[in-house]
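Secondary and tertiary structure notes
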Amino acid sequence: MARTAPIVVASNRGPVSLARETDGTLVRRRGVGGLVTAVGGGLRGRKAGWGASAITPEDRAQAERGPFDLELGGGTVRVRFVSLDQPLYDSYYNELSNRVLWFLHHYLWDPAHLPAFASEESAAWDDYCTVNE
């Protein structure tokens, strides 16, 4: 049976990052890290959309222009950048995603070294939920 249901990927980094060359040309650079490679292969032959944080100034400008199509892994993915306020981004990504969830998902905490959560982490969790909504 052919896979026909669309897939939506949501990540902090997108499959590409946009930048301007010194001559003003807009270029797409492949997203850093293993996520693009791992997910890109899984999207082959699928109808897919990918939402990601707008990180560079050109990503933010593209967020204003709207989604665009990108050839990835032998197929086409519809990419949409989301531009977040810097304090919201810092809270959701730097405070919660990197300081808490990364360690959790990589099994780097054991019972003797569990973190203690305070009001800052609670606020970061609220921001994380806001971004993911």
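To start, this report covers the structure provided alongside it. The structure displayed is predicted, hence computed values, not measured ones.

Tracing the chain through its elements places Q62 in helix 2 (residues 57-65). If near-sequence neighbours (up to four positions away) are discounted, Q62 is found in contact with L18, P67, F68 and F81.

Bringing the packing of aromatic side chains into the picture now. For the structure on display, the rule yields 7 aromatic pairs. Ring geometry for Y92 and Y128: centres 6.0 Å apart, planes at 35°, overall tilted. A residue pair is termed long-range when its members are at least 10 positions apart, and Y92 in helix 3 (residues 86-105) and Y128 in helix 4 (residues 119-132) qualify at 36 residues. Overall, the relative accessible area of 6% leaves Y92 in the buried class. An aromatic cluster is defined as three or more aromatic residues linked by ring pairs; in this entry it consists of Y89, Y92, Y93, W125 and Y128.

The pairing of strands in a sheet comes from backbone hydrogen bonds and takes either a parallel or an antiparallel form. Ordered in space as 1-4-6-5, the 4 strands form an open sheet in which the pairing is mixed. In the strand order of this sheet, the two ends are held by strand 1 (7-11) and strand 5 (68-72), each with one partner. Strand-to-strand twist in this sheet, taken as the mean axis angle between neighbours without regard to direction, amounts to 30°. Summarising the sheet, strand 1 and strand 4 (residues 48-53) pair through 5 bridges and their orientation is parallel. For V9, the partnering residue across the bridge sits in strand 4 and is W50. Of the strands in this sheet, strand 1, strand 4 and strand 5 touch helix 1 (residues 35-42), which is tilted by about 160° from strand 4.

Scoring rules and cut-offs
- Residues numbered from 1 in each chain as written.
- Predicted model: local features only at pLDDT ≥ 70, side-chain atom pairs only at ≥ 80, totals over all residues.
- Heavy atoms only, no water.
- Helix = DSSP H or I, 4+ residues; strand = E, 2+ residues; numbered from the N terminus.
- Contact = heavy atoms within 4.5 Å.
- Phe/Tyr/Trp six-rings, centres within 6.5 Å; stacked < 30°, edge-to-face > 60°.
- Buried < 20%, exposed > 50% of the residue type's maximum accessible area, 1.4 Å probe, protein only.
- Pairing = 2+ DSSP bridges.
- Axes fitted to C-alpha atoms, helices over the stretch in contact; angles between N-to-C directions.

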